[in-house]
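Working through the structure, step by step
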Amino acid sequence: MATTMFPQLILYPPPAATSYTTAMALFTVVSMASAGISGIRGKQLQYSKFWNVGAKKSTPKLPGKMGMLLAYTPAFLFCLASFVMFPNEGLRFVLFVHKYSGPMFLDIAITISLSYFIQTANMIYAQHLTRGLQEPPVDLKFVGILIFLVGLSGNFYHHYLLSKLRGVGGKEYKIPRGGLFSLVICPHYLFEVLGFVGVSCIAQTLYAFSFTLGSAMLLMGRSYGTRK
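Residues numbered from 1 in each chain as written. Predicted model: local features only at pLDDT ≥ 70, side-chain atom pairs only at ≥ 80, totals over all residues. Heavy atoms only, no water.

Observations regarding empty space enclosed by the protein
- In this structure, the largest cavity occupies an estimated 30 Å³ of space.
- For the largest cavity, the full set of lining residues is Tyr47, Met68, Ala71, Tyr72, Met104, Ile112 and Tyr116.
- Breaking the lining of the largest cavity down by element, the ones donating at least two residues are α3 (64-85) and α4 (106-128).
- Counting residues per element, the lining of the largest cavity draws most heavily on α3, at 3 residues. (1 Å grid on protein atoms, 1.4 Å probe; cavity = no way out; pocket = protein on both sides within 12 Å on 5 of 7 lines; lining within 4 Å. Points joined across faces, edges and corners; volume = space filled by probe spheres on them. Helix = DSSP H or I, 4+ residues; strand = E, 2+ residues; numbered from the N terminus.)

A short note on the pattern of salt bridges
- The tally for this structure, following the rule as stated, stands at 1 salt bridge.
- Note that Asp139 is salt-bridged to Lys141, the shortest N-O span being 2.7 Å.
- Here Asp139 falls in the partly exposed class, since its relative accessible area comes to 36%. (Salt bridge = Lys/Arg side-chain N within 4 Å of Asp/Glu carboxyl O. Buried < 20%, exposed > 50% of the residue type's maximum accessible area, 1.4 Å probe, protein only.)

Re the UniProt feature "transmembrane region" (unreviewed entry) in the chain
- Taken from the UniProt record, the annotation "transmembrane region" (unreviewed entry) applies to residues 20-40, 66-85, 105-126, 138-157 and 193-219.
- With 95% helix and 5% strand, the stretch residues 105-126 has end C-alpha atoms that lie 32 Å from each other.
- Taken end to end, residues 138-157 is 85% helix and 0% strand, and its two terminal C-alpha atoms sit 31 Å from one another. (UniProt positions renumbered as here; feature names shortened; annotations may be inferred.)

Here it is as structure tokens:
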């Protein structure tokens, strides 16, 4: 009984247009979990430190900065546009240190860009559908803000440590030290997942929690690859 009631305590009731968001929630978990399992098996998405794992010689490459710009910009622009598309929403309708080394393959940059864009659009749309619905009995948004800030801070700090490993012009990969690197293979991934947990608590939608679960599985696969 308690297990049955738990989702009803922390999630918005399903909106009328639930079929699309529910299907996308399931697709998100399955696709990201599949990518995580592929990472454990040695088939990593070829960006960041894994850009040259099984490198495809015929695929066009972009400089690291340009590849990251292509990957993140569409989702960021959609976030800005959402405030115009969905005005007068509530509080829940939510908020770079990087040393570039290897390039990014064009097809990988496009795949990541489309993935971020679609997931961001679905997250925002799912939140929009909750307008006018009864709030979940357990309000997690302020707890979520705190968790998100902890995740954001920890992610930034460990990326800062990573950025200090390379000298000017250095591109070689080094074993990280400091922070939680002595306890966790990729603490920046850990805090990234924690940030997603915070976003899920702020949103309290099925899609948000499914995205967090899928992201955790994906990053587990990349952590395993990093350890190897």
